[in-house]
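Single-letter residue listing:
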Amino acid sequence: MNILITGAGLIGAHAARHAVDAGNKVVLYDLSPNRNYIHEIGGNDRAEVVAADIRDLPALLSALERFKVDTLVHTAGLIGSRVQENSYTGATNNILGTINVLEGARLRQLRRGPLSGDDRGRGAQRQGRGRPGSRIGSLRRGRHDAVLVHQAVQRRAWPAEVA
């Protein structure tokens, strides 16, 4: 498979390592990839790295076409202090970025792998962060709702959870 993984942080870099170990071609897609970290986790030059923004749908579509991607795994997202410092950037990155990933997968008719983020914040929720009503909790809910709405549009049925 040719897999594009959004986000080259903890989850994305480890997912890339496992995918490459399984014999897949992998592209890591991240706004500001830490190449030293990627090489430390996955080894040198085992995955292609594209420095681009998931909020830029044409750039994402270009990468999907250029690398002949057939599977898309979405791990990109801002968490923690980066969201607290700038909630607008957090919202656009986490919600619009997720919509772009879903739309890119739909337009290119790709297999869509997991969307990370639903389980990522459980430790944060236990510590009082990420709870409903907090900035992080609201963004997590917004990302979840974006997925539901995108799926509903494809089915032409509005989910009761979002209504």
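Given the structure is predicted, the values throughout are model-derived calculations rather than measurements.

Rules used in this analysis
- Residues numbered from 1 in each chain as written.
- Predicted model: local features only at pLDDT ≥ 70, side-chain atom pairs only at ≥ 80, totals over all residues.
- Heavy atoms only, no water.
- Helix = DSSP H or I, 4+ residues; strand = E, 2+ residues; numbered from the N terminus.
- Buried < 20%, exposed > 50% of the residue type's maximum accessible area, 1.4 Å probe, protein only.
- Areas by Shrake-Rupley, 256 points an atom, 1.4 Å probe, with all protein chains shown as cover.
- Arc of directions from axis to C-beta.
- Contact = heavy atoms within 4.5 Å.
- Polar contact = N/O pair within 3.5 Å; in protein donor to acceptor, adjacent residues only side chain to side chain.
- Expected span 1.5 Å × (residues − 1).
- Core = buried A, V, L, I, M, F, W, Y, C linked by side-chain atoms within 4.5 Å.
- Right-handed = clockwise from strand over helix to strand, strands pointing away.
- Pairing = 2+ DSSP bridges.

Novice: Could you clarify how one ought to interpret the overall build of the protein chain in this entry?
Specialist: In terms of regular secondary structure, the protein chain is built from seven helices and five strands. Secondary structure elements of the protein chain occur, N-terminal to C-terminal, as β-α-β-α-β-α-β-α-α-β-α-α. A buried classification covers 45% of the 163 residues belonging to the protein chain. In the form shown here, the protein chain has an accessible surface area of approximately 9000 Å², with 50% of it arising from carbon and sulfur atoms.

Novice: I keep staring at helix α2 (residues 35-42) and nothing clicks. Help me out?
Specialist: Because an α-helix packs 3.6 residues into every turn, residues spaced three or four apart end up facing the same way. Restricting attention to buried positions, one finds in α2 the residues I38, I41 and G42. For α2, the angular spread of buried residues about the axis comes to 75°, placing them on one side. Facing away from the buried side of α2 by more than 90 degrees, the exposed set consists of N36 and E40. Where α2 is buried, its residues touch α1 (10-21), β2 (25-30) and β3 (48-51). By the N-cap criterion, in which a side-chain oxygen at the helix start approaches the backbone nitrogen of a residue two or three places on, α2 is capped by N34, the distance to N36 being 3.2 Å. G43 sits one or two residues past α2 and shows a positive phi near 95°.

Novice: What is the right way to look at helix α5 (residues 87-107) in this model?
Specialist: Under the 1.5 Å per step criterion, the end-to-end length of α5 is 29 Å for 21 residues, consistent within 8% with the ideal 30 Å. Those residues of α5 that sit buried are G90, T92, N93, N94, G97, T98, N100, V101, L102, E103, G104 and A105. N-capping of α5 is provided by N86, with a side-chain oxygen placed 3.2 Å from the backbone N of Y88. Of the residues trailing α5, Q109 is marked for its positive phi of about 55°.

Novice: Hey, could you run me through unusual backbone geometry in this one?
Specialist: Keep in mind that most residues, glycine aside, have a negative phi and that most peptide bonds are trans. Of note, D45 is a non-glycine position whose phi angle comes to about 55°, a positive value. Note that D45 resides in the loop between α2 and β3. Residue classification places D45 among the exposed residues on the basis of a relative accessible area of 68%. Phi angles above zero are rare outside glycine, and Q109 is one such case at about 55°. Within the fold, Q109 resides in the loop between α5 and β5 (111-115).

Novice: Honestly, the nonpolar core in this entry has me stumped. Any pointers?
Specialist: Generally speaking, nonpolar side chains in soluble globular proteins are found buried as a group. Ranked by size, the top nonpolar core spans 16 residues in total, and within it L4, Y29, L64 and L72 carry the most contacts. Taken together, the elements giving at least two residues each to this core come down to β2, α3 (57-66) and α5. The next biggest cluster of nonpolar side chains, apart from the first, holds 12 residues, and it includes A16, V26, I38 and V73.

Novice: Explain the environment of I11 here, please?
Specialist: Considering the arrangement of structural elements, one finds I11 in helix α1. What makes I11 partly exposed here is its relative accessible area of 34%. Residues I11 and T75, 64 residues apart in the sequence, show an inter-C-alpha distance of 6.5 Å.

Novice: What is the right way to read the pairing of β2 from this model?
Specialist: Strand residues, when the strand is regular, have side chains that alternate between the two faces of the sheet. Across the six residues that make up β2, a large majority, five, are buried. With α1 bridging strand β1 (residues 2-6) and its parallel neighbour β2, the resulting β-α-β unit is right-handed. Bridge analysis of β2 against β3 gives four bridges, and the strand direction is parallel. Bridging from a neighbouring strand, D30 pairs with A51 of β3. Where the polypeptide runs from β2 across α2 and back to β3, its parallel neighbour, the crossover connection is right-handed.

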